[in-house]
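# Summary of structural features
The chain contents come next:
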Amino acid sequence: MKKIIISLIMMFGIISSTSFAGTLVINTDTSDAAPKEAFEYIIKKFEEENPDVTVKWNVFDHEGYKQSIRNFLNTDPPDVANWYAGNRMLPFVRAGLFEDVSDIWKDSGWVDGNLSENMEHAKKSMTIGGKQWGIPYTYYQWGVYYRKDLFTANGISVPKTWDDFVAACATLKAAGITPITIGSKYLWTTAGVFDYLNLRTNGYEFHMDLTLGKIPYTDPKVQAVFDKWDELVKPGYFLENHAALSWQEALTPMVNGEAAMYVMGNFAVAPLKEAGLRDSNLGFFQFPEITPGIPMAEEAPTDTVHIPSKAKNKTDAKRFLIFMSRADVQEEINKILGQLPINKNSSVKKGDPFLKAGLNMLNNAYAMAQFYDRDAPAQMASEGMKGFQEYMSNPDRRQKILERLEKVRQKVYK
Amino acid sequence: MEINNSKAKRITWWQKNQVKISPWIFLAPGLIFFSIYVIAPIFVSIGISFYQWDGLSPSIYVGLQNYIELLDDEYFYISLWNNLKWLIFFMLAVPIGLGLAIFLNQIVFGIRLIKSLFFFPFVISQVVIGLIFTWFYQPNYGVIAPFLNLIGLEGFSILANENTATYGIIFAGLYPQIAYCLILYLTGLNNINPEQIEAGRMDGAKGFHLFWNIVLPQLRHATFLAIVVTVIGALRSFDMVAIMTQGGPYGYSNVLAYYMFEQALSEYGYRMGYGSAIATVLFTIMMFYILFFIYRMYRNEREDNN
């Protein structure tokens, strides 16, 4: 009997210990094709460079990961996990589940060159309480994607100012084309429009103050953002019925030539091209200036890698994070992802005009916002985006919506 | 005397109580799991509703704060109101199911195939039904679009309009629910006593009169069951809402079950306490119905026995 119990315990011990020395467990949410390929590539490369380390890689479903990470960080922590910058990592940092990796950022001996310098522009979004909690490895730009041929046919040139932009919308509308397409079923697309109107009307600092809860939603400066939004919503420049469509479904009118513009992230380019658009008829421009003189900040949501504080193999995990921060590695990952590297010494895929435009824009950006739902806490973001969607369908309810958001703000940021 | 004594000694405690205990032994596995997975979570959930907890950090006791916040929450009232709409309109499944059952309760060639076709919606997954109806409702290219164009509602989107979204989802939900009621009534109709109908006919009852006074009372058990499953189905309506609108546009098609999920477990949620408070309210409402029906069932059984 005793023997059986002992052997049972031994068996259990073997099964439950998922990692040994030299094993690096990595959990990622890279279930989509390109991200999966990118991680396959870098893990192979990492193993080649570090023959003493065996990587055990668990791929989670992209949506399911948001749930799973909350469980596995506590119960079965990997050595490395990917996540997002900004306020999105705040709950984990606050609960003490992410390891402080400020030493990687400080010590230039770790990497080729000084990390803080090469990734200076992304440092702010990785910092909470004066410490850095992860390494960013990719981001992408937001802006306006448009149909070049529809612009040419209607004699519109790329708008640089707000007045040009509104005039372009009016021309398109008169020609029977929906000026701006949007699918707001999953809400977040509305936040992209709001963020840009806010960044251009009031600037980056105001965006951060608002998402940090320092400014009431009834503030005249917030009203000013909605005044600008009114100029687009009230004449019906956005796609009708957007509340019933996902962002992908809202691509269809643009592909069919029924809509001309989309305020979107660079990930929209791939499905648009798959649907038949080419570099010759699909273009990108920076969201136009609204208040003259305000430095242009951009939206650039950043993906990151972190070390869970309960990780077993932190030594190799740090080696992996340092590896991920390297210019040549980031270059390769982002070539596969079709996105932009954070490290300034990396170059981007040649021959992709969208990446080139994005890199150019972001390298000259005054600052980088993560996105409304990553900068604001979850509850505020969810209520805010519901409010934006309601406003876009019923612009006359603006006051009521803003008062409700203000009520939520006072509750959330107590 | 001696013999009797020795016999009495041999009757053990087990033998004495065997009849009383054995049903509990057989019930034990079920009861244990039922209390671990159903009963206990109810109390744990009610307990969590007094806390503020994001699922990661330590929880903070806030007393009735979550319930007070609920009373001031616009979306809560919208969801509650939508649940009421579900309760009322989902009930249509019962008479429609009955009508179809009577229509299909005849002996013609191929009726089995036709019956199974009518029953089919209940077999396919709710997710599939929700998805297909979402496509039906799609403005411009959905199946319903040409009909909407006929009545001058060109490009009208049922699911994007705050006034019609809930009805659109209920309509989709009715599709499998009618099939469920249909099957309940079909089995009920099989058990109808033909002699009573014969007797009714001889007394001169026909048509609606015959149906109302002779057939329907015999279907009482089927009706009871159909109403209970439909009420519970209406109150726990979740999958259709999740698939078709996610509570949108801007929370106007939300129901309590989905709102609870949104607050407690969705991407922007993790307000476990608040979600539990919503769950507790929903549970209380359900409890009223369930107790009422159990009471009625109990009373009916007793009447039957008398």
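Residues numbered from 1 in each chain as written. Chains lettered and ligands numbered in written order. Predicted model: local features only at pLDDT ≥ 70, side-chain atom pairs only at ≥ 80, totals over all residues. Heavy atoms only, no water.

Right, let's get into the overall build of chain A. Summing up its helical and strand segments, chain A has 20 helices and 13 strands in all. Reported as C-alpha extents along the three principal axes, the dimensions of chain A are approximately 85 × 50 × 40 Å. The proportion of buried residues among the 414 residues of chain A is 57%. Put simply, of all contacts in chain A between residues at least 6 apart along the chain, 77% involve residues at least 24 apart. Summing over all exposed atoms, chain A offers an accessible surface of approximately 16600 Å²; the carbon and sulfur share of this is 54%. (Helix = DSSP H or I, 4+ residues; strand = E, 2+ residues; numbered from the N terminus. Buried < 20%, exposed > 50% of the residue type's maximum accessible area, 1.4 Å probe, protein only. Contact = heavy atoms within 4.5 Å. Areas by Shrake-Rupley, 256 points an atom, 1.4 Å probe, with all protein chains shown as cover.)

The next point concerns the domain arrangement of chain B. Residue and element names in this part refer to chain B. As assigned here, chain B comprises domain 1 (14-48) and domain 2 (67-305). Between domain 1 and domain 2, the C-alpha centre-to-centre distance is 32 Å. With four residues of domain 1 at the interface, the matching set in domain 2 holds six residues. Of the roughly 390 Å² buried where domain 1 meets domain 2, counting both sides, 67% is carbon and sulfur surface. Considering only the side of domain 1, the residues that lose the most area to domain 2 are Ser45, Ile46 and Ile48, jointly responsible for 80% of the buried surface there. Here domain 1 is connected to domain 2 by zero salt bridges. The tally of links between domain 1 and domain 2 comes to zero residue pairs in polar contact (both at pLDDT 80 or more). (Domains from an automatic or database assignment. Buried area = accessible area lost by both parts, 1.4 Å probe. Salt bridge = Lys/Arg side-chain N within 4 Å of Asp/Glu carboxyl O. Polar contact = N/O pair within 3.5 Å; in protein donor to acceptor, adjacent residues only side chain to side chain.)

With that settled, consider the domain arrangement of chain A. All names here are of chain A. Domain parsing of chain A yields domain 1 (2-139 + 302-364) and domain 2 (142-299 + 377-412). Here the C-alpha centroids of domain 1 and domain 2 sit 32 Å apart. The interface of domain 1 with domain 2 comprises nine residues on the first partner and 14 residues on the second. Carbon and sulfur atoms make up 67% of the surface buried where domain 1 meets domain 2, a total of about 890 Å² over both sides. If you sort the residues of domain 1 by the area they bury against domain 2, Asn87, Phe354 and Met361 come out on top, with a joint share of 65%. Where domain 1 packs against domain 2, one counts zero residue pairs in polar contact (both at pLDDT 80 or more). Per-element tally for the side of domain 1 that touches domain 2: the top contributor is helix α17 (residues 353-363), with six residues. Taken together, the residues of the side of domain 1 that touches domain 2 sort by class into six nonpolar, two polar and one charged. (Nonpolar A, V, L, I, M, F, W, Y, C, P; charged D, E, K, R; others polar.)

Before going further, it helps to spend a moment on the pairing of strand β3 (residues 80-84) of chain A. Residues and elements named next belong to chain A. In terms of residue burial, β3 counts as a mostly covered element, since five of its five residues are buried. Both faces of β3 are covered, namely the face carrying Val80, Asn82 and Tyr84 and the face carrying Ala81 and Trp83. Strand direction decides the pairing type here: β3 and strand β12 (residues 302-306), joined by four bridges, are antiparallel. Each bridged residue has a counterpart across the sheet, and for Asn82 the counterpart in β12 is Val305. (Pairing = 2+ DSSP bridges.)

Moving on, we come to the nonpolar core. Note on soluble globular proteins: their nonpolar side chains tend to be buried together. Trp229, Met261 and Phe320 of chain A are the most contacted members of the largest nonpolar core, which has 133 residues in total. Here this core spans two domains, since at least three of its residues come from each of domain 1 (2-139 + 302-364) and domain 2 (142-299 + 377-412) of chain A. Counting 50 residues, the second largest nonpolar core, distinct from the first, contains Phe90, Leu104, Ile158 and Ala172 of chain B. (Core = buried A, V, L, I, M, F, W, Y, C linked by side-chain atoms within 4.5 Å.)

Listed per partner, the contact involves 32 residues of chain B and 34 residues of chain A. Counting each side, the surface lost to burial between chain B and chain A is near 2900 Å², with a carbon and sulfur contribution of 46%. Contact with chain A buries surface across chain B, with Leu56, Tyr250 and Tyr268 of chain B losing the most and accounting together for 29% of the total. Residue Glu262 of chain B is joined to Lys386 of chain A by a salt bridge in which the shortest nitrogen-to-oxygen separation is 2.9 Å. Joining chain B to chain A, the criterion identifies 14 residue pairs in polar contact (both at pLDDT 80 or more). Elements with a contribution of two residues or more to the side of chain B that touches chain A: α4 (74-90), α13 (239-244) and α14 (256-264) of chain B. Examining the composition of the side of chain B that touches chain A, we find that three residues originate from one element, α14 of chain B, more than from any other.

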